[in-house]
Amino acid sequence: SEMIRTVVDIGVHVVFSAGNDGPDPGTIGGYHDAANGAVLVGAACKSRDSSGCVAGQEITDFSSRGAADGTGPQVDVVAPGDTIMAALSPSVLAPLTECAEIQQPGYFCISGTSMSSPHVSGVLALMVQANPQATPAQAKQCLLSTAVDMMTPGFDVHSGLGMVDTKAALTCIHALTPSRKKH
């Protein structure tokens, strides 16, 4: 955790997957530390009839959750993490495909928080492009403050502060861009 804090402090934006040990509270691995500045991502359902989702829920059944009492590591935000189409590594992942309709060679579908974290990493990359001077702390704050609440109002152990909102996060980070004076 100290090493992660060090790289965040020098300007590296760090994103971690929460893990796939849900749905019970307190299932995030013990190596996560809220104080290190990294963004911890859980997996949300893409749609109500997605394979890893229980009817009426918006968070996948496998996504790890924070402790019910709010202590320890907690999910910051969530992003789609079920049946995500990705490039195929035939020797490793081909047997894991979850989408029967996939007919495209070189692609497969897989579910997990390792599929939701790249969504958040992509949003952070766009944010850094919009405001290269933004610190990891500013970017994380924009992600958290603009997330779309999903479950219990405000923070909850299942979805953190909610679904990442790309457009709102970009608007937030752009507002932090120093204005340039015209001469």
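What comes next concerns the included structure. (Residues numbered from 1 in each chain as written. Predicted model: local features only at pLDDT ≥ 70, side-chain atom pairs only at ≥ 80, totals over all residues. Heavy atoms only, no water.)

**Topic: the overall build of the chain**
- For the chain, the count of helices and strands is 4 helices and 5 strands.
- Mapped from its N terminus to its C terminus, the chain presents α and β elements in the order α-β-β-β-β-β-α-α-α.
- Counting the 183 residues in the chain, one finds 43% classified as buried.
- Residue pairs at least 24 apart in sequence account for 69% of intrachain contacts in the chain once pairs closer than 6 positions are excluded.
- Of the roughly 9,800 Å² of accessible surface on the chain, 58% is carried by carbon and sulfur atoms. (Helix = DSSP H or I, 4+ residues; strand = E, 2+ residues; numbered from the N terminus. Buried < 20%, exposed > 50% of the residue type's maximum accessible area, 1.4 Å probe, protein only. Contact = heavy atoms within 4.5 Å. Areas by Shrake-Rupley, 256 points an atom, 1.4 Å probe, with all protein chains shown as cover.)

**Looking at the state of the cysteines**
- Under the defined criterion, the tally for this structure stands at 1 disulfide.
- Here Cys-142 connects covalently by a disulfide to Cys-172, the sulfurs 2.1 Å from one another. Between Cys-142 and Cys-172, the S-S torsion sits near -70°, and that sign places the bridge as left-handed. Here Cys-142 is found in helix H3 (residues 136-146), whereas its partner Cys-172 is found in helix H4 (residues 166-175), with 30 residues between them in sequence.
- What makes Cys-172 partly exposed here is its relative accessible area of 22%. (Disulfide = S-S within 2.5 Å.)

**Here's the deal with helix H2 (residues 113-130)**
- For H2, spanning 18 residues, the distance from its first C-alpha to its last is 26 Å, which sits close to the expected 26 Å at 1.5 Å a residue.
- Of the residues making up H2, those classed as buried are Thr-113, Met-115, Ser-116, Ser-117, Val-120, Val-123, Leu-124 and Met-127. (Expected span 1.5 Å × (residues − 1).)

**A few points about empty space enclosed by the protein**
- Per the stated rule, a full pass over the model turns up 1 cavity of 30 Å³ or more.
- What the largest cavity holds in volume is close to 40 Å³.
- Lining the largest cavity, in full, are His-13, Val-14, Gly-37, Val-39, Leu-124, Pro-136, Ala-139 and Lys-140.
- Considering every element that reaches the lining of the largest cavity, the biggest residue donor is H3, with 3 residues.
- Residues that form the lining of the largest cavity fall into these classes: 5 nonpolar, 2 polar and 1 charged. (1 Å grid on protein atoms, 1.4 Å probe; cavity = no way out; pocket = protein on both sides within 12 Å on 5 of 7 lines; lining within 4 Å. Points joined across faces, edges and corners; volume = space filled by probe spheres on them. Nonpolar A, V, L, I, M, F, W, Y, C, P; charged D, E, K, R; others polar.)

**Thoughts on the sheet that holds strand S1 (residues 15-17)**
- Spatial ordering of the open sheet is given by S1-S2-S3, a layout of 3 strands whose pairing is parallel. Two strands lie at the open edges of the sheet, namely S1 and strand S3 (77-80), each paired on one side alone. The mean inter-strand angle of the sheet, taken between neighbouring strand axes irrespective of direction, is 45°.
- As paired elements, strand S2 (residues 39-44) and S3 share 4 bridges and run parallel to each other. From the neighbouring strand, Val-41 faces S3, where its bridge partner is Val-77.
- Against the sheet, H2 makes contact with S1, S2 and S3, and its axis sits at roughly 125° relative to S2, the strand it touches most. (Pairing = 2+ DSSP bridges. Axes fitted to C-alpha atoms, helices over the stretch in contact; angles between N-to-C directions.)

Such coordinate-based values are descriptive only and should not be taken to indicate function.
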